[in-house]
Amino acid sequence: MKFLQKNGVKILCVILVLLVLLTKTSPGISLIKTSTIIYNIFSDPLGNKANSTKSSSIVKEVSFKSNERTIYADLWIPKEKNKYPAAILSLGIDIDKGDHRITRLAKILSESGFVVLVPNIPSITSRRLNIDAKEDLVSSFEYLNSQAGIKKDKIGFVSFCASAGLAVLASEDEKINNKVAYVVTVNPYFNLETLYKNIVFHQMQVQNNTMPWAPYFKTVEIYNRETIALLNNSDQKILEKYLVKISHSDLESGNYKPLSDIDKTLLSKDGLFTYALLANKDRGRFSSLIENKTEAQENFLLDLSPSTKIENLKTKLFILSDKNNIFIPYSHAQELASSLPENQRVFTETTLIPAGNLKANLPAWDKIVEGAKLTVFIYQIFIKAF
């Protein structure tokens, strides 16, 4: 008590200085915002409360052109008039802007001081993976860059899974690569040829060690569909029966029926080769099949792989990798991180977010450790973005 009476004023001054540092400096502001996000994530792991409470942000429906396509999007704007950093948010294949997971994250980010654009990319919401998606993400960036109330040097991407790979791809594009301030990725893909090998053999290479990996049916379905889509219409209709429009369990296990004699005669040379490529389970044939892929298949693999032009990425890349992810092997995140100098990337591995959802049943100690890693990861994003 005597100590407090004697030094009370000094203690109060120290507290006031600390409060000023927290609220007026970039590290302090970033720490407060990070703490708020972590609290929201851990207090509501499934997002049940987040979407039941009204957002303090302004949400506008907007549209803009991307080549001949019209992109419809939600624009989340913090209520107070100011200039803010901005992010294009995409949660992955088959998820549109109305999905509760994406509205939850958009709400959290906008209430943390970001302008957030959530575009409905037609190919992504239709469970497709093609070059249109990359172009539409570039157009999304250009749209944000044209808006008032945004810090033009603080626009970036926040993206998950296949969209994460596409966001890296978009950030490599020469139209915007010198303007992108940051790219946040969760479970990105890096190289489509490697992903093909992962799917076929249910394995991944982690630091020169071969490890098992079981793909989710959507990953296999999308990869097969896009490869088949490079063929003529007749070949597509035939091969979809064998390699796309089959049960989820058959897609995941690679249990493809052999071609009928009639379909063998109807398929073109490229169609027969594509069936052999996608249905192959023979390691001895893998290299020869890949080496003899068609020109269209080679272009598809190169054009949609961030690895092809990774040297064009100029900005800081944040990579969060879930070691239990079933959509993309976490080895892709490791390879992406290894392709960049240390000062250009932040790489964090976790077991906290399988399939993009917070894992609620982790042991208490693991939750503390993984939560600390996630806190540091998010804090570094705020330091870069604000």
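The structure reproduced in this document is the subject of the present report. (Residues numbered from 1 in each chain as written. Predicted model: local features only at pLDDT ≥ 70, side-chain atom pairs only at ≥ 80, totals over all residues. Heavy atoms only, no water.)

## Things to note about unusual backbone geometry
And then number 1: Even without being glycine, Arg127 reaches a positive phi, approximately 60°.
And then number 2: Within the secondary structure, Arg127 is located in the loop between helix H4 (122–125) and helix H5 (131–145). (Helix = DSSP H or I, 4+ residues; strand = E, 2+ residues; numbered from the N terminus.)

## Overview of the nonpolar core
And then number 1: Formed by 81 residues in total, the largest nonpolar core has its most connected members in Leu117, Leu144, Phe157, Leu166, Leu192 and Leu243.
And then number 2: Among the elements that take part in this core, helix H6 (residues 161–172) stands out by supplying seven residues, more than any other.
And then number 3: Once you skip the residues sitting within four places of it in the chain, Leu166 turns out to touch Ile124, Leu129, Asn130, Ala133, Lys134, Leu137, Tyr189 and Leu304.
And then number 4: Residues Ile38, Ile95, Phe318 and Phe377 belong to the second largest nonpolar core, which totals 31 residues. (Core = buried A, V, L, I, M, F, W, Y, C linked by side-chain atoms within 4.5 Å. Buried < 20%, exposed > 50% of the residue type's maximum accessible area, 1.4 Å probe, protein only. Contact = heavy atoms within 4.5 Å.)

## Notes on helix H16 (residues 364–385)
And then number 1: Between its terminal C-alpha atoms H16 stretches 31 Å, which fits the 32 Å expected from 22 residues at 1.5 Å a residue.
And then number 2: Every buried residue of H16 is accounted for by Glu370, Gly371, Leu374, Phe377, Ile378, Ile381, Phe382 and Ala385. Viewed end-on, H16 has its buried residues packed into an arc of 140°, placing them on one side of the element. Away from its buried face by more than 90 degrees, H16 exposes Trp365 and Ile368. (Expected span 1.5 Å × (residues − 1). Arc of directions from axis to C-beta.)

## Describing the packing of aromatic side chains
And then number 1: Within the structure shown, the criterion is met by 12 aromatic pairs.
And then number 2: Aromatic pair Phe114 and Phe382: ring centres 5.7 Å apart, planes at 45°, arrangement tilted. With Phe114 in the loop between helix H3 (100–111) and strand E4 (115–120) and Phe382 in helix H16, this residue pair connects regions lying 268 residues apart in the sequence.
And then number 3: Take Phe382: its relative accessible area is 2%, and that puts it in the buried class.
And then number 4: Ring centres of Phe141 and Phe157 lie 6.1 Å apart, and the angle between their planes is 25°; on these two criteria the pair is classed as stacked. Here the residue Phe141 occupies a position in helix H5, and Phe157 occupies one in strand E5 (residues 150–160), the gap between them amounting to 16 residues. (Phe/Tyr/Trp six-rings, centres within 6.5 Å; stacked < 30°, edge-to-face > 60°.)

## As for the packing of H5 against H6
And then number 1: Here H5 crosses H6 at 65°, and the two axes come no closer than 9 Å. Between H5 and H6 the crossing geometry is right-handed. Where H5 abuts H6, its residues Ala133, Lys134, Leu137 and Val138 lie against Leu166, Ala167, Leu169 and Ala170.
And then number 2: In the contact of H5 with H6, the residues fall into seven nonpolar, no polar and one charged. (Axes fitted to C-alpha atoms, helices over the stretch in contact; angles between N-to-C directions. Left-handed = near helix turned anticlockwise from the far one by under 90°. Nonpolar A, V, L, I, M, F, W, Y, C, P; charged D, E, K, R; others polar.)

## Topic: the environment of Asp94
And then number 1: Position of Asp94 relative to the elements: it lies in the loop between strand E3 (84–90) and H3.
And then number 2: Counting along the chain gives 27 residues from Asp94 to Ile121, while the straight-line C-alpha distance between them is 9.8 Å.
And then number 3: Setting aside chain neighbours within four positions, we find Asp94 in contact with Ile124, Thr125, Arg127 and Lys218.
And then number 4: At 2.9 Å, the side chain of Asp94 and the side chain of Arg127 are in polar contact. (Polar contact = N/O pair within 3.5 Å; in protein donor to acceptor, adjacent residues only side chain to side chain.)

## As for the pattern of salt bridges
And then number 1: Scanning the entire structure with this criterion turns up 17 salt bridges.
And then number 2: Note that Asp136 and Arg69 form a salt bridge whose closest N and O atoms lie 2.9 Å from each other. Taken together, the residues span a long stretch of sequence, with Asp136 in helix H5 and Arg69 in strand E2 (residues 69–77) at a distance of 67 residues. Note on accessibility: Asp136 and Arg69 belong to one class, buried.
And then number 3: A salt bridge links Glu370 to Lys373, with the shortest nitrogen-to-oxygen separation between them at 3.3 Å. Here the residue Glu370 and the residue Lys373 both occupy positions in helix H16, the gap between them amounting to three residues, near one helical turn.
And then number 4: Through salt bridges with shared partners, a single ionic network connects Glu68, Arg69, Asp132, Glu135 and Asp136. (Salt bridge = Lys/Arg side-chain N within 4 Å of Asp/Glu carboxyl O.)

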